[in-house]
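Chain residues, written in single-letter form:
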Amino acid sequence: MYVKVCGLRTEGDVAAAVGAGADAVGFVFAASPRKIDIPTARKLIADVPPNVLTVGVFLKQPAEEVREIALATGVGILQLHGDYPHETFAELAEFRLMRATSLTPETDITVGAFGEELLLLDSPQAGSGERWDLTPIASSRPEGQWLLAGGLNPGNVRAAIDAVRPWGVDVSSGVESSRGVKDHDLIRAFVAEAKRITADKSS
Ligand SMILES: O=C(O)c1ccccc1NCC(=O)[C@H](O)[C@H](O)COP(=O)(O)O
């Protein structure tokens, strides 16, 4: 199970996530209590081991701003929220891209439909910690590299994985003690729980 921990802001946050075995760590560059400034992000990203993917999170920001932040921080992949059109994905095609979207009857759940490498299915309010109805994808799941997010935490991630069998999971609110403040014990518990499922399923 691929595990991403999002909204990291300090060296301690990154150390907790990487030490727990997270596969990806996310940094929010959108307007948010979790927003990180460019110099801090650049320093944290430079210290992330190469086997851990660094993710820059954006919401409805112009492509030129996204590009500038990506180049200034050296982030490994861009997570684009806000239903950007095909044209924006094409404009940013020099970068690795993750398409982040909520699920509606109109949502194209084909991984790669916009040229992205990864698809993130999230709640309508990204980063809100709100659950959403997984029923539609339980029977009609995307294929390939897609992550599930939205209100996951150490106590419910097992059930969510069992329900929709995503390729990976993503968490932010569910590993915080208060909005924007990561709880390192919860990060460790979340990653262990998600990874334990993989071991259980393969045995
Ligand atoms: O975290 C934010 O504040 C945020 C703001 C704008 C766009 C995206 C944002 N976060 C994305 C994430 O943290 C995760 O990809 C995911 O949405 C986490 O959801 P949750 O565990 O429900 O907080």
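A few points on the structure. (Residues numbered from 1 in each chain as written. Predicted model: local features only at pLDDT ≥ 70, side-chain atom pairs only at ≥ 80, totals over all residues. Heavy atoms only, no water.)

This part is about the overall build of the protein. Scanning the protein from terminus to terminus reveals seven helices and 10 strands. A compact globule built from 203 residues should have a C-alpha radius of gyration of about 17 Å, and the protein, at 16 Å, falls within 12% of that. Along the first, second and third principal axes, the C-alpha atoms of the protein reach 45 × 40 × 30 Å. By residue count, 50% of the 203 residues in the protein fall in the buried class. Contacts spanning at least 24 positions in sequence make up 53% of the contacts within the protein whose residues lie at least 6 apart. Surface accessibility of the protein: about 9000 Å² in total, with carbon and sulfur atoms responsible for 52%. Between the averaged position of the 20 positive side-chain charges in the protein and that of its 27 negative side-chain charges there is a distance of 5 Å. (Helix = DSSP H or I, 4+ residues; strand = E, 2+ residues; numbered from the N terminus. Rg over C-alpha atoms; globule rule 2.2 N^0.38 Å. Buried < 20%, exposed > 50% of the residue type's maximum accessible area, 1.4 Å probe, protein only. Contact = heavy atoms within 4.5 Å. Areas by Shrake-Rupley, 256 points an atom, 1.4 Å probe, with all protein chains shown as cover. Lys, Arg positive; Asp, Glu negative; His and termini not counted. Charge placed at Lys NZ, Arg CZ, Asp CG, Glu CD.)

Moving on, we get to helix α1 (residues 11–20). If you check which residues of α1 are buried, you get D13, V14, A16 and A17. Projected down its long axis, α1 carries its buried residues within an arc of 160°, all on one side. Exposed residues pointing more than 90 degrees away from the buried face of α1 are listed as E11 and G19. A positive backbone phi angle near 105° is found at G21, which sits one or two residues after α1. (Arc of directions from axis to C-beta.)

So, about unusual backbone geometry. Backbone geometry places K60, a non-glycine residue, at a positive phi of 55°. Secondary-structure assignment places K60 in the loop between β3 (53–59) and α3 (63–73). According to the relative accessible area criterion, K60 is exposed, its value standing at 64%. You will see that D83, though not glycine, has its phi angle at about 50°, which is positive.

Inspection of the region around the ligand gives 23 residues, with S32, R34, D122, D170 and S173 positioned closest. Between the ligand and Q79 there is a distance of 2.8 Å, counted from an oxygen atom to a side-chain nitrogen or oxygen. A distance of 2.9 Å is found between an oxygen atom of the ligand and a backbone nitrogen or oxygen belonging to S172. Burial of the ligand by the surrounding chains reaches 98%, relative to a free accessible area of 510 Å². Among the secondary structure elements, those contributing two or more residues to the shell around the ligand are β3, β4 (77–81) and β8 (168–171). When grouped by side-chain class, the residues that make up the shell around the ligand number nine nonpolar, 10 polar and four charged. (Near = heavy atom within 4 Å. Polar contact = N/O pair within 3.5 Å; in protein donor to acceptor, adjacent residues only side chain to side chain. Nonpolar A, V, L, I, M, F, W, Y, C, P; charged D, E, K, R; others polar.)

Structurally, L147 can be placed in strand β7 (residues 146–148). Since its relative accessible area comes to 0%, L147 is described here as buried. In the structure, L147 is positioned 18 residues away from R165 in sequence and 9.6 Å away in space, judged by C-alpha atoms. If near-sequence neighbours (up to four positions away) are discounted, L147 is found in contact with Y2, K4, L118, L119, L120, L121, W167, G168, V169 and D170.

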